[in-house]
Amino acid sequence: MDELEAVVRANHEVFMLTGDRIAAALADHGLTHATAQALCAIDPDEEPPSMKAMAGRLHCNAPNLSFVTNQLVGRGLVTRVADPRDRRSRVLVLTDEGRRVRADVMRATLRQTPLAGLDEADLRTLAAILDRALRG
């Protein structure tokens, strides 16, 4: 196996193992992996993302995003509101409950990912490498 294949396999394994480990936390909040990913893609410290920006973040098409968004809206975790910069567009805003659930899911994820066992120096190095790969 070459180095690239080994890295791709390890990356996939980290992703899958993290998903398995947080399944109970997601179930506690009535979330699927897709709804949790969408919820976590809305950073409460940034401007609310447009539906187009969310589709890009989640690498999905508009119908899939609408389906996931409808679930989050139905659970009272997000609202869709007109974009103040472009009234034809919609943005997703976390509700207070959405912020709370997002924080719980993020805590569970950060606590249970295999990456949590790495030291700060390794995490900085890994973040830099992944950033370079994503920009490449």
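Refer to the structure above for everything that follows.
Here's a quick rundown of the structure. Worth saying up front: this structure is predicted, and the values here are computed from it rather than measured.

1. Here's the deal with the overall build of the chain
Tallying secondary structure elements over the chain gives seven helices and two strands in all. Secondary structure of the chain in N-to-C order comes out as α-α-α-α-α-β-β-α-α. Dimensions along the principal axes, computed over C-alpha positions, put the chain at roughly 50 × 35 × 25 Å. Out of the 136 residues in the chain, the part that is buried amounts to 27%.

2. Brief notes about the environment of Arg135
In this fold, Arg135 is placed in helix H7 (residues 120-135). When the C-alpha atoms of Arg135 and His33 are compared, they prove to be 25 Å apart, with 102 residues separating the residues in sequence. Among the polar contacts made by the side chain of Arg135, one reaches the side chain of Asp131 at a distance of 3.0 Å.

3. Describing the layout of surface pockets
Estimates place the volume of the largest pocket at around 1500 Å³. Surrounding the largest pocket, 31 residues form its lining, Asn11, Val14, Phe15, Thr18 and Leu115 being those nearest its centre. When residues of the lining of the largest pocket are traced back to their parent elements, those giving at least two are helix H1 (3-21), helix H3 (33-40), helix H4 (51-58), helix H6 (96-112) and H7. Looking at the lining of the largest pocket element by element, the count peaks at 10 residues for H1. The residue makeup of the lining of the largest pocket, split by class, is 21 nonpolar, eight polar and two charged.

4. A short note on the state of the cysteines
Considering all chains together, one arrives at zero disulfides under this definition. In this structure Cys40 is not part of a disulfide, and its nearest cysteine sulfur, from Cys60, lies 15 Å away. For Cys60, a relative accessible area of 24% puts it in the partly exposed group.

Criteria and thresholds
- Residues numbered from 1 in each chain as written.
- Predicted model: local features only at pLDDT ≥ 70, side-chain atom pairs only at ≥ 80, totals over all residues.
- Heavy atoms only, no water.
- Helix = DSSP H or I, 4+ residues; strand = E, 2+ residues; numbered from the N terminus.
- Buried < 20%, exposed > 50% of the residue type's maximum accessible area, 1.4 Å probe, protein only.
- Polar contact = N/O pair within 3.5 Å; in protein donor to acceptor, adjacent residues only side chain to side chain.
- 1 Å grid on protein atoms, 1.4 Å probe; cavity = no way out; pocket = protein on both sides within 12 Å on 5 of 7 lines; lining within 4 Å.
- Points joined across faces, edges and corners; volume = space filled by probe spheres on them.
- Nonpolar A, V, L, I, M, F, W, Y, C, P; charged D, E, K, R; others polar.
- Disulfide = S-S within 2.5 Å.

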